[in-house]
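Report on the structure
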Amino acid sequence: MIEYNYLGAFVVGLMGAAHCFGMCGGLIGAFSTNLPKQPGNQLANQLSFLLSYNLGRVISYTIAGALVGGSAAALGQLFAVDNYLLYLRFFAGIMMILTGLYIAQIWFGIVYIETLGKGLWKILQPLTKRVLPIKHPSQAVLAGMVWGWLPCGLVYSTLTWSVASGSALKGGIIMFAFGLGTLPALLTAGLAAKTLASWVQTKAVRLVSGLLLVIFGLQTIYVAMQQL
């Protein structure tokens, strides 16, 4: 079984394709259709902008993971709490189960967790106007870094893994791996939005993806309990 590690974070991003498309697919599709026309291969041009945008998004995820992981490590050192990382991993498993139920369309409570990030997003959202219209890949990187802070329950759930890692480095790598896992869905969203939408939004795909996340969360809780 996949344990609580970087590969696991990658798999979570990969399995959360339906949620990623629901949150960012429309944004990526609009971004892709409004790219500037340049001479040469249009597909290659489109791909360079999409890769740049997603690079910025993954950079923001990595920064967030490093911040929460480093903060948790500092607090643990400051208050000398025994087994605090195991308790955090237990909580991370619960968050993953809730996200899985949401993706499977069984329970939608995770939506309320997404509202926690709306305050930060209101502060960052005006920055999007400064990078639009996007005419160069470097602008796409900046746009991705801003939109990487868009409120997302799946991101918040995986961030709890970074918190439980007890390290800024490990926390950053966890979110970097998660970001890489989301790339197939969001790159495809830019290149073939309608085709992907019709696939990832099907009931069967959402159910399987969600239940796999539930299993993953249960495993995380089991491992934490075994070590307590």
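You'll find the structure just up there.
What comes next concerns the included structure. None of these values were measured; they are calculated from a predicted model. For every chain, the first residue of its written sequence is number 1, and the numbers climb from 1 along that sequence. Predicted model: local features are reported for residues with pLDDT of at least 70 only, side-chain atom pairs are reported and counted for 80 or more only, and whole-chain, interface and lining totals are derived from all residues. Where side-chain values are given, they derive from all heavy atoms of the structure, hydrogens and water being excluded.

What about the overall build of the protein?
Think of it this way: any DSSP run of H or I at least four residues long counts as a helix, any run of E at least two long counts as a strand, and we number them from the N terminus. Helix and strand counts for the protein stand at eleven helices and zero strands. Along its sequence from the N terminus, the protein presents helices and strands in the succession α-α-α-α-α-α-α-α-α-α-α. The buried label goes to any residue with under 20% of its type's maximum accessible area, the exposed label to any with over 50%, and the partly exposed label to all in between, with areas taken from a 1.4 Å probe on protein chains only. Counting across all 228 residues of the protein, residues that qualify as buried make up 49%. Restricting the contact set of the protein to residue pairs at least 6 apart, pairs at least 24 apart contribute 81%. Areas reported as accessible are Shrake-Rupley estimates using a 1.4 Å probe. Residue values count occlusion only from the protein chains shown. If you sum the accessible surface of the protein, you get close to 11300 Å²; carbon and sulfur atoms cover 70% of it. Contact between two residues is taken to exist if any of their heavy atoms lie within 4.5 Å; hydrogens are not considered.

Description of the packing of aromatic side chains
Centre distance within 6.5 Å is the pairing criterion for rings of Phe, Tyr and Trp, where only the six-membered ring of Trp is used; planes under 30 degrees apart are then read as stacked, over 60 as edge-to-face, and the remainder as tilted. In total, this model carries four aromatic pairs according to the counting rule given. Between Tyr53 and Trp147, the ring centres sit 6.1 Å apart and the planes meet at 45°, which makes this aromatic pair tilted. Taken together, the residues Tyr53 in helix α3 (residues 42-79) and Trp147 in helix α7 (residues 137-147) connect sequence positions 94 residues apart.

Digging into the side chain of Ser157
By secondary structure assignment, the location of Ser157 is in helix α8 (residues 153-165). As used in this structure description, the phrase polar contact means that two N or O atoms lie within 3.5 Å; if the pair is within protein, one of them must be able to donate a hydrogen and the other to accept it, and residues adjacent in sequence are counted only when both atoms belong to side chains. Looking at Ser157, its side chain comes within polar contact range of the side chain of Thr99, at 2.4 Å. In this view, Ser157 contacts Met95, Met96, Thr99 and Ile110; residues no more than four positions away in its chain are not counted.

Some remarks on the environment of Thr220
Structurally, the position occupied by Thr220 is in helix α11 (residues 203-227). Along the backbone, Thr220 and Leu86 are 134 residues apart, and their C-alpha atoms lie at a distance of 9.9 Å.

A short note on the packing of helix α1 (residues 6-15) against α11
Their axes nearest at 9 Å, the elements α1 and α11 cross at an angle of 155°. When the interaxial angle is binned, α1 and α11 end up roughly antiparallel. Classified by chirality, the crossing of α11 by α1 is left-handed. Along the contact surface, α1 presents Gly8, Val12 and Met15, while α11 presents Ser209, Leu212, Leu213 and Phe216. Basically, the charged four are Asp, Glu, Lys and Arg, the nonpolar ten are Ala, Val, Leu, Ile, Met, Phe, Trp, Tyr, Cys and Pro, and anything else, Gly included, counts as polar. Considered class by class, the residues forming the contact of α1 with α11 number five nonpolar, two polar and no charged. For helices, the fitted line uses only the C-alpha atoms of the stretch in contact; every axis is such a line through C-alpha atoms, and the angle between N-to-C directions lies from 0 to 180 degrees. Angular relationships are summarised with four words: roughly parallel below 35 degrees, roughly antiparallel beyond 145, roughly perpendicular across 65 to 115, and oblique for the angles in between. Should the near helix be turned counterclockwise from the far one by less than a right angle, the crossing is left-handed, whereas a clockwise turn marks it as right-handed.

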